[in-house]
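Each chain, written out:
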Amino acid sequence: MLDTNDAFDANGAPGTDSAPSADLPALACESVTMRFGGLTAVDGFNLRVPKGALYGLIGPNGAGKTTVFNIVSGVLRPSAGAVKLFGVDVTGLSPDRIARSGIARTFQNIRLFRNLTVLDNVLVGLHLRREANLAQAMLALPRHRAEETQMAATAAQLLEEIGLAGVSHYRASALPYGRQRRLEIARALATKPAVLLLDEPAAGMNPAETEDLMRLITDIRNRFSLTILLIEHEMKVVMGICERMTVLDHGDTIAEGTPDEIQRNDRVIKAYLGGGAVARA
Amino acid sequence: MTLEIFLQNAANGITLGSLYALLAIGYTMVYGILRLINFAHGEIFMISTYFAFYGTAIFALPWQVAFVVAIVLTALLGVVIERAAYRPLRDAPRISALISAIGVSFLMANLGLVIFGGRPKTFYRPPIFQVPIELGGVRVVALFFVIPLLTAILLVALNYIVYKTKTGLAMRAAQWDFDTTRLMGVDVDRAISITFAIGSALAAVGGIMWGLRFAEINPNMGLFPGLKCFIAAVFGGIGNISGAVLGGFILGFGEIMLVAFLPGLAGYRDAFAFVVLILILLVRPTGLLGDKQRVKV
């Protein structure tokens, strides 16, 4: 693609050693506000996720967590505020440009390309990092073909690392639920993100699957030197693997800190037990 | 009916089927990605023949050049129509874009009448296509071989683009889910533009060959082929490229054979396609090769 911003590649692409200064967060939200008509879904949301962190975003239903994800990934344009990736403002860019600048995500309700094969799902993400266009594909056949072969190999390797080797030619819709979740993560990784957003990755999983998933998440964080922001309902998941977290309730940030701090926080306990409504009334 | 006459009709049927297939692909590709019946597609086909006509007749270009220019211009026309008439309605209810498509169709047919004039024009036919060839007792001109052959080549190329290239993968992904495709870094608008360019270019090839075959072009010529190829696409399973090709061939072949075997029904020639449409909608609404109904997420 033509408009890949070099600044992003220098800072954001995983594997580059030019580490940005320590105080520059990988992902930052500054006073992000989202209003839908009269409803304020997210109000003055602030977030600083340091590079390499595994950061949790939790809160009861309707707290605005997914709205934050939609804003960060460019699906929604915030009413006010800014989203910054390694200090570069990406607020309101189209989703494809945000993806190219190094943010990838998964969905709470799995959104695979169900009509494509497992391999093709990953290839869609991989193509983002490739230069050859349609004309080149049609004219420069040998070069194009070599590139295709290499991409297929990269995709196969990625599938292997994520534990999906051997099913690459299945239709995505044919995979069992837990593996569809893994495929969604593999597809997101294929875009070579610097920041990965996981929206309730453990939703609908049984305890054993959840256990595997937690291992997978910490594993990919290290292997792909990612910064991960995770939405989760399952307290065990967040408390177990996240280093820090932010708690949202009805669009407001009610707490921020380490898992220990959060577990002792009165406002968080109230929000989760439903006492919050009484307190606000 | 003698074998010779049957073969003669078969050649006619395959030729017409090829033309229908080329045109039907445009309907099915656009529907696949936008869930929109591009009713202007027949007029795109019509205008392509005028591009070629003016290229040879007014600008006196060699026919090879004129035809290529016409194909390129038609592809651009398709892209411009999408930009101007469909993209602004992308988030509107689907019926709005459909109405817009019908509007574009009327606009172009009537602009054609004003600009090109209502009197039919004679399409330039390079002699090379008129060389008679005799095969197994059947005498046909070279064009009858060129049309199916060229169609086959284009189908292979299209298959390559859709299933083996990055652009094709982007188109197939977008067909399922725009938002997620964008999140993979794919410029969905670009994929849609390319879809329109490819569909329109194929319509142009069909249009030029139509001109070569029937020698006469007029501003209303987009209507019936347009409707029939829309039916071919529905018959094959709209959204499915192989289906459109199959539908196009069955319709073209069926139409010729109907007249050949039942000359008394020759007057119902155009009705044949519509009867097919009604039957398929009653019996198998998703078409011959269509997927079962799915909800766009």
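Note that the structure is a prediction, hence the values are computed from the model and not measured.

A word on the environment of Glu211(A)
Here is step 1 of the chain: By the element assignment, Glu211(A) lies in helix H8 (residues 207-223).
Here is step 2 of the chain: Distance from Glu211(A) to Val237(A), taken between C-alpha atoms, is 8.3 Å for residues 26 residues apart in sequence.

As for helix H9 (residues 223-236) of chain B
Residue and element names in this part refer to chain B.
Here is step 1 of the chain: The end-to-end C-alpha distance of H9, which contains 14 residues, comes to 20 Å, matching closely the 20 Å that a straight helix rising 1.5 Å per residue would cover.
Here is step 2 of the chain: Counting buried positions along H9 yields 11 of 14 residues, so the element is predominantly enclosed.
Here is step 3 of the chain: Along H9, the residues that are buried comprise Pro225, Gly226, Lys228, Cys229, Phe230, Ile231, Ala232, Ala233, Val234, Phe235 and Gly236.
Here is step 4 of the chain: The secondary structure elements touched by the buried residues of H9 are helix H1 (3-34), helix H2 (41-57), helix H8 (188-214), helix H10 (241-261) and helix H11 (269-283).
Here is step 5 of the chain: Phi for Gly237, located one or two positions after H9, is positive at around 110°.

Side note on the domain arrangement of chain A
Residues and elements named next belong to chain A.
Here is step 1 of the chain: Domains assigned within chain A are domain 1 (1-102 + 193-281) and domain 2 (113-191).
Here is step 2 of the chain: Contacts between the two partners involve 22 residues from domain 1, matched on the other side by 15 residues from domain 2.
Here is step 3 of the chain: Counting the contacts that link domain 1 with domain 2 gives one salt bridge.
Here is step 4 of the chain: Glu161 is the partner of Arg223 in a salt bridge, and the nearest nitrogen-oxygen pair spans 2.8 Å.
Here is step 5 of the chain: At the junction of domain 1 with domain 2, the criterion picks out four residue pairs in polar contact (both at pLDDT 80 or more).
Here is step 6 of the chain: Breaking the side of domain 1 that touches domain 2 down by element, the ones donating at least two residues are helix H3 (95-101), strand S7 (195-199) and H8.
Here is step 7 of the chain: The element best represented in the side of domain 1 that touches domain 2 is H8, accounting for six residues.
Here is step 8 of the chain: Classifying every residue of the side of domain 1 that touches domain 2 gives 13 nonpolar, two polar and seven charged.

What counts as what
- Residues numbered from 1 in each chain as written.
- Chains lettered and ligands numbered in written order.
- Predicted model: local features only at pLDDT ≥ 70, side-chain atom pairs only at ≥ 80, totals over all residues.
- Heavy atoms only, no water.
- Helix = DSSP H or I, 4+ residues; strand = E, 2+ residues; numbered from the N terminus.
- Expected span 1.5 Å × (residues − 1).
- Buried < 20%, exposed > 50% of the residue type's maximum accessible area, 1.4 Å probe, protein only.
- Contact = heavy atoms within 4.5 Å.
- Domains from an automatic or database assignment.
- Salt bridge = Lys/Arg side-chain N within 4 Å of Asp/Glu carboxyl O.
- Polar contact = N/O pair within 3.5 Å; in protein donor to acceptor, adjacent residues only side chain to side chain.
- Nonpolar A, V, L, I, M, F, W, Y, C, P; charged D, E, K, R; others polar.

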